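Commentary on secondary and tertiary structure
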Amino acid sequence: KARSMREASRNARLDHASKKRDRILKRYGLEAPPQQGEKPQKRARAPSVTENVQDAEPDDAGSARCVVCREGFASRPRDALGAYIFSKLAAADVGGADGFQLVEGAAAAAQAASRPRPPPAVCSSVGAMHCIHANCHRDATRAERSLRSPRAEWDGAALRNSRVLCNSILPVRPPQATDDWASARAAYHAAVERHFGRVAQLGVAAAPASQLAAAASTSSYASPSSRALRSSRFQLAAHDARLLLLRLAHNEPLHQESGGGSRRSNLELCLYLLQMAGHQLQDRDAGGAADAALAQRERRHLDAVVAASLDRAQGSADQRKRAAEAAPHAALLSLFSASNDRWSVQRKRRACARALKRSVDRAKSRAAASAAARSRRGRAGSQGQPSPPNSPQRPSSNAAAPAPAPADVEAATAARAVTYARATLAYVALVDKLQSVLATPLVPAATVISPPAGRTSLFNGDDAGIGRCAAELASFYDSQLRDAEAPQDVLRVMDLDADALDLDAETRSMVFG
């Protein structure tokens, strides 16, 4: 009898404990464990942050969200949201002055073009597209600085960025249809200022607004000697997107630079760079970031550069060479052009032909630079001090290597030209794909306009659509461009034939044999 009483008391305590545990688990939203005698199932667990957010915030599903608070523009429309990126200093390789010398009527174009001048400094960015609110980043940085072992700002940001290096936050443009568009736009503009402030710390400072306004009121605005438009924020963002596309076309392993970031995430980053560039072309009164007069002049100048680079070149051989140098950049600028024939079949053919001409010129310049380096090493070896008569002869470290045979030099130059041509045509193919999937021109309108069917707008706040567009671009690259070995393969992707391109005999011979 005593044993049965102890057993009943024990069962009562276990039942009371089980009921209390069930109440606690239910309060915190945990799954109840299996009862005694039941088949063991999965252990009790808490739902993930993503599951909670999807249940609580269905409007944010698929859009950009903060890695800290897991909320997006639907929940916090007034807070600036951006993506962690890693930027580094680079040099623009677009002709002598990014197409400025192509504008007719430029003052002192010949003298300015003849002066040696270093290439303009721009930045090249990569990223994994992990987004964060500016306020969340600021609060997390303050908290990390108060730790027993304080962390630097970007060391802590790298942890939030899945251990991917970063040194800036690229702002994401908020939806224009939000209820408090004025506050959202002000927060976005402040985030843009902070981004270009960090870019300036790399040595890539944009021209101040006073210099841009002064340049816009004079004829020197389009002159090669003026650095105003070239150093504008639009040009910095456009060059950043261009360099990212070029690096993808050259099959560079972008994830090795920052420690992460897929091809799809970098293509999504490219779309947001184009979004920022287009934002810099719109008037401030219409939701953009530029002064009305400056924006109008810059758009007009952009159309002139695209027309001069991609239309039939007239003039001297030097002018045709400069048009070929600026053609790849002009192909990207055509995304922003308001012209109805911004990317006609004729312009696409000329872009490919001048890209091939540019590839051959680069290969020849590389061969000439290699020959000059060998010549300098040979002169340095021949001018070494003679050794004493009785000293043992030792091989000189400055001894010049034997010069390669001319036939070997020509073969190496031709092989390099083919490699450059394949990569440059892949870049043009990516631009051609952007022309077909994006709603152009890439300039935000004063009111929300629905894009045509099958196209994605970068300014309607459709982050999920931009992500799908990036996935489509990544699929196109993987299936069509990554394994293309010859320039002819890339031309077939664009439905072009080598015989239809207007090429000189030397370019056709070196690229196509």
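Before going into details, it helps to say that this report is about the structure given with it. Everything numeric in this text was worked out from a predicted model, so none of it was measured.

**A look at unusual backbone geometry**
Residue Pro441 is reached from Thr440 by a cis peptide bond, and omega for that bond is 0 degrees. Position of Pro441 among the secondary structure elements: in the loop between helix 14 (406–437) and helix 15 (463–481). With a phi angle near 60 degrees, Met129 is a residue other than glycine that sits in the positive phi range. Accessibility expressed as a relative area gives 12% for Met129, which makes it buried. Positive phi outside glycine occurs at Asn251, with the angle close to 60 degrees. Within the fold, Asn251 resides in the loop between helix 8 (233–249) and helix 9 (255–258). Given the relative accessible area of 36%, Asn251 is considered partly exposed.

**So, the pattern of salt bridges**
Within this structure, the stated rule accounts for 23 salt bridges. The shortest N-O distance in the salt bridge between Lys357 and Asp504 comes to 4.0 Å. One end of the pair, Lys357, is in helix 13 (residues 345–382); the other, Asp504, is in the loop between helix 16 (487–493) and helix 17 (505–512), with 147 residues separating them in the sequence. On the basis of relative accessibility, which here comes to 32%, the residue Asp504 falls in the partly exposed class. In this structure, a network of salt bridges that share partners links the residues Lys88, Arg247, Glu252 and Glu257.

**Some words on the nonpolar core**
Within the largest apolar cluster, 102 residues are counted, with the highest numbers of intra-cluster contacts made by Leu245, Leu271, Leu274, Phe336, Leu438 and Leu491. Looking at this core, the element that brings in the most residues is helix 14, giving 12 residues. In contact with Leu271, other than residues within four places in its own chain, are Leu434, Leu438, Leu458, Ile466, Cys469, Ala470 and Leu473.

**Overview of helix 10 (residues 263–279)**
The first and last C-alpha atoms of helix 10 sit 24 Å apart over 17 residues, in line with the 24 Å expected at 1.5 Å per residue. For helix 10, a buried count of 15 out of 17 residues is recorded, marking the element as mostly surrounded by other parts of the structure.

**Considerations on the environment of Arg242**
Among the secondary structure elements, Arg242 is positioned in helix 8. Looking at Arg242, the relative accessible area reads 2%, which means it is buried. Separated by 28 residues in the primary sequence, Arg242 and Cys270 have C-alpha atoms spaced 8.3 Å apart.

**Points about the side chain of Arg160**
For Arg160, the position within the fold is in helix 5 (residues 153–160). When its relative accessible area of 15% is taken as the criterion, Arg160 is described as buried. Engagement of the side chain of Arg160 in a polar contact is seen with the side chain of His137, the distance being 3.4 Å. Residues contacting Arg160, with those up to four places away along its chain left out, are Val67, Val68, Tyr84, Ile132, His137, Ala140, Thr141, Glu144 and Glu153.

**Notes on the side chain of Ser87**
As for its position among the elements, Ser87 is in strand 1 (residues 81–91). Judged by relative accessible area, Ser87 falls into the buried class, the value being 3%.

**Considering the packing of aromatic side chains**
Inspection of every chain in the model, using the stated rule, returns two aromatic pairs. Between the aromatic rings of Tyr84 and Trp154, the centroid separation amounts to 6.4 Å while the plane-to-plane angle is 85 degrees, which identifies the pairing as edge-to-face. Linking Tyr84 in strand 1 with Trp154 in helix 5, this pair joins segments that are 70 residues apart in sequence. For the pair Phe234 and Phe336, a centre-to-centre distance of 5.1 Å together with 90 degrees between the ring planes defines the contact as edge-to-face. On the criterion of sequence distance, the pair formed by Phe234 in helix 8 and Phe336 in the loop between helix 12 (317–333) and helix 13 is long-range, its members being 102 residues apart. The exposure class of Phe234 is buried, given its relative accessible area of 2%. Relative accessible area serves as the criterion here: at 3%, Phe336 is assigned to the buried category.

Definitions and limits used
Residues numbered from 1 in each chain as written. Predicted model: local features only at pLDDT ≥ 70, side-chain atom pairs only at ≥ 80, totals over all residues. Heavy atoms only, no water. Helix = DSSP H or I, 4+ residues; strand = E, 2+ residues; numbered from the N terminus. Buried < 20%, exposed > 50% of the residue type's maximum accessible area, 1.4 Å probe, protein only. Salt bridge = Lys/Arg side-chain N within 4 Å of Asp/Glu carboxyl O. Core = buried A, V, L, I, M, F, W, Y, C linked by side-chain atoms within 4.5 Å. Contact = heavy atoms within 4.5 Å. Expected span 1.5 Å × (residues − 1). Polar contact = N/O pair within 3.5 Å; in protein donor to acceptor, adjacent residues only side chain to side chain. Phe/Tyr/Trp six-rings, centres within 6.5 Å; stacked < 30°, edge-to-face > 60°.

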